[in-house]
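Each chain, letter by letter, is given below.
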Amino acid sequence: MSADRETNNTMTDRDIALLLADAADEVEIGIAPYQAVIRGGRRRRARRWALATAAALVITGTSGTLALAGLRDGDGVEVTPAVTQRPTEPSTPEERHVYEPQDTMIGTGTVGGKEWRVTVQVWGAPRDAGEAWTQLQRMKAYGEVPLAVDKSSQLVGKYSFFARRSIGDGKESVITQNSIDTKDKMAGVDLESAALSLDPNHTEPQRLVIGQVAKTAQRVACAWKNGTTTYASLVPAGADLNTDESSIRPVAGAPVNWFVCVGAAGASFDSVRVVTEE
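Owing to the predicted nature of the structure, the values given are computational and were not obtained by experimental measurement. Each chain has its residues counted from 1, running along the sequence as written. Residue-level local features of this predicted model are given only where pLDDT is at least 70; pairs of side-chain atoms are given and counted only at 80 or more, and the full residue set underlies all totals for whole chains, interfaces and linings. By convention in this description, side-chain values take in all heavy atoms of the structure and omit both hydrogens and water.

**Q** Help me out: how do you make sense of the overall build of the protein chain in this one?
**A** Here a strand is any run of E in DSSP of at least two residues, a helix any run of H or I of at least four, and the numbering for each starts at the N terminus. When helices and strands are tallied, the protein chain shows three helices and 11 strands. Secondary structure elements of the protein chain, listed N to C terminal, follow the sequence α-α-β-β-α-β-β-β-β-β-β-β-β-β. Residues classed as buried in the protein chain amount to 38% of the 278 residues present. Working rule for contacts: check all heavy atoms of both residues, and any pair within 4.5 Å makes them a contact. Taking contacts inside the protein chain between residues at least 6 apart in sequence as the whole, the part at least 24 apart equals 59%. Each residue is assigned to one of three classes by its accessible area relative to the maximum for its type, calculated with a 1.4 Å probe on protein chains only: buried under 20%, partly exposed between the two thresholds, exposed over 50%.

In structure tokens, the structure reads:
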């Protein structure tokens with residue numbers, strides 16, 4: 001480094017790089033949570049929808065703040081580093097929808113002259129035992145409790161969802177449900193789905209597929225046993241629902257997107273995947 005850096009206001013790129021290296025030497029990085037990585041990897045391979053909540057995988061890096069004063073660009077003009085401000089997260093249980101869920105319709109259409117609908121209800125994650133206890137009482141009032149939840153404390157730090165289907169004037173029935181740790185993130189081609197019949201009596205083939213994908217997923221392909229394929233593409237929040245439309249949509253309160261695939265009459269589900277190629 002230049003010997004006169006204390007008196008010279010113009011610092012070279014090499015001077016700045018050395019300062020950053022000195023600062024980095026003072027940052028202590030903790031031991032990686034190896035056991036959490038192993039549990040997370042096994043959970044991802046063995047993941048099953050609507051079963052007991054899986055173990056979460058979280059790997060956090062050490063972050064620090066480095067204040068740089070008096071830096072100048074190549075023309076000698078002082079540069080002020082940009083500061084990124086994180087958005088403020090809702091603080092109260094009411095703002096986080098812990099006690100009152102949010103509902104989003106993700107699919108609608110007609111079958112046998114009757115309208116079918118699929119909605120997803122999401123409860124926000126309680127932050128402590130008190131919020132969890134109150135949430136469980138509210139869930140019971142709605143007539144729904146997540147599977148594998150025996151006591152309210154199991155809800156702390158987890159958001160819960162209930163996907164429902166209704167046909168005609170019939171009562172809504174829960175298709176699938178779960179409580180997921182908010183730190184359990186979906187990424188890349190991660191996908192969870194359920195295939196079902198549009199006939200409440202299950203006399204017709206499974207030609208309706210619903211599921212969750214990462215926020216980055218742009219397209220989902222649903223293959224049917226008759227050799228055809230239906231594609232669901234990402235649409236913006238609030239986009240109109242069209243009859244028998246296949247699409248990927250944001251769901252209020254959910255950290256993932258949901259999709260709906262609708263096969264032609266007589267089609268039967270074969271497979272589903274996130275499309276990655278152009």
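**Q** Please clarify how the sheet that holds strand S5 (residues 191–197) should be interpreted in this entry.
**A** Sheet strands associate in pairs through backbone hydrogen bonding, adopting either a parallel or an antiparallel arrangement. Strand pairing requires that DSSP identify at least two bridges connecting the strands. The seven strands lie next to each other as S5-S6-S10-S9-S8-S7-S11, forming an open sheet whose pairing is mixed. Since the sheet does not close on itself, it has two edges, and those belong to S5 and strand S11 (269–274), each with one partner. Taking each pair of neighbouring strands and ignoring which way they run, the sheet shows an average axis angle of 20 degrees. For strand S6 (residues 206–213) and strand S10 (residues 257–262), the ladder comprises six bridges, and the chain directions are antiparallel. From the neighbouring strand, Leu 208 faces S10, where its bridge partner is Val 262. Only the contacting stretch of a helix is used when fitting its axis, a line to C-alpha atoms as for every element, and angles between N-to-C directions run 0 to 180 degrees.

**Q** Could you clarify how one ought to interpret the sheet that holds strand S1 (residues 102–111) in this entry?
**A** Strand order in the open sheet formed by four strands is S1-S2-S3-S4, and the pairing between neighbours is antiparallel. The sheet is open, and its two edges are formed by S1 and strand S4 (173–181), each paired on a single side. Each strand of the sheet is rotated relative to its neighbour by a mean of 15 degrees, with strand direction disregarded. Here strand S3 (residues 158–167) runs beside S4; their pairing, made up of eight bridges, is antiparallel. The residue of S4 that forms the bridge with Phe 161 is Asn 178. With respect to the sheet, helix H3 (residues 129–142) is in contact with strand S2 (114–123) and S3, its orientation differing from that of S2 by roughly 165 degrees.

**Q** What should I look at first to understand the side chain of Asp 181 in this one?
**A** Looking at where Asp 181 falls in the secondary structure, it is placed in strand S4. Asp and Glu count as negative and Lys and Arg as positive, but His and the ends of the chain are not part of the count. In what follows, salt bridge is the name for a side-chain nitrogen of Lys or Arg lying within 4 Å of a carboxyl oxygen of Asp or Glu. Lys 183 provides the closest opposite charge to the buried, salt-bridge-free Asp 181, at an N-O distance of 5.7 Å. Polar side-chain contacts of Asp 181 include one of 2.8 Å to the backbone nitrogen of Lys 183. In the analysis that follows, any N or O atom pair within 3.5 Å is treated as a polar contact, provided that within protein one partner can donate a hydrogen and the other can accept it, and provided that, for residues neighboring in sequence, both atoms belong to side chains.

**Q** Looking at this structure, I do not really get the packing of aromatic side chains. What am I missing?
**A** Within a pair of aromatic rings, the relevant descriptors are the distance that separates the centres and the angle that separates the planes. Any Phe, Tyr or Trp ring, taking Trp's six-membered ring, that has another such ring centre within 6.5 Å forms a pair; planes under 30 degrees apart are called stacked, those over 60 apart edge-to-face, and the others tilted. Summed over all chains, the structure comprises three aromatic pairs. Judged by centre distance (5.2 Å) and plane angle (75 degrees), the rings of Phe 161 and Trp 258 are edge-to-face. Placement of Phe 161 in strand S3 and of Trp 258 in strand S10 is noted, with a sequence separation of 97 residues between them. Taken as a pair, Phe 161 and Trp 258 share a single burial class, namely buried. Stacked on the ring of Tyr 231, the Lys or Arg Arg 219 has its end atom at 4.1 Å from the ring centre. Think of it as a cone above the ring: NZ of Lys or CZ of Arg counts as a charge over the ring if it is within 6 Å of the ring centre and within 35 degrees of the ring normal.

**Q** Would you explain unusual backbone geometry in this entry?
**A** Most peptide bonds adopt trans geometry, and most residues besides glycine take a negative phi value. For His 97, which is not a glycine, the phi torsion comes out positive at approximately 60 degrees. Residue position: His 97 is located in the loop between helix H2 (34–45) and S1. In this model, Asp 244 sits at a positive phi of 55 degrees, which is unusual for a non-glycine residue. You can see Asp 244 is positioned in the loop between strand S8 (229–234) and strand S9 (247–250). Relative accessible area serves as the criterion here: at 32%, Asp 244 is assigned to the partly exposed category.

**Q** Would you take a moment to explain the pattern of salt bridges for this structure?
**A** Pairs may arise between side chains of opposite charge once their charged atoms sit close together. Within the structure shown, the criterion is met by six salt bridges. With a closest N to O distance of 2.8 Å, Glu 131 and Arg 96 form a salt bridge. Remark: Arg 96 occurs in the loop between H2 and S1 and Glu 131 occurs in helix H3; sequence separation between them is 35 residues. Across this residue pair, the class does not change: Glu 131 and Arg 96 are buried. Between Arg 164 and Glu 172 there is a salt bridge whose closest N-O contact spans 3.8 Å. One network of salt bridges, in which partners are shared, links Glu 144, Arg 164 and Glu 172.

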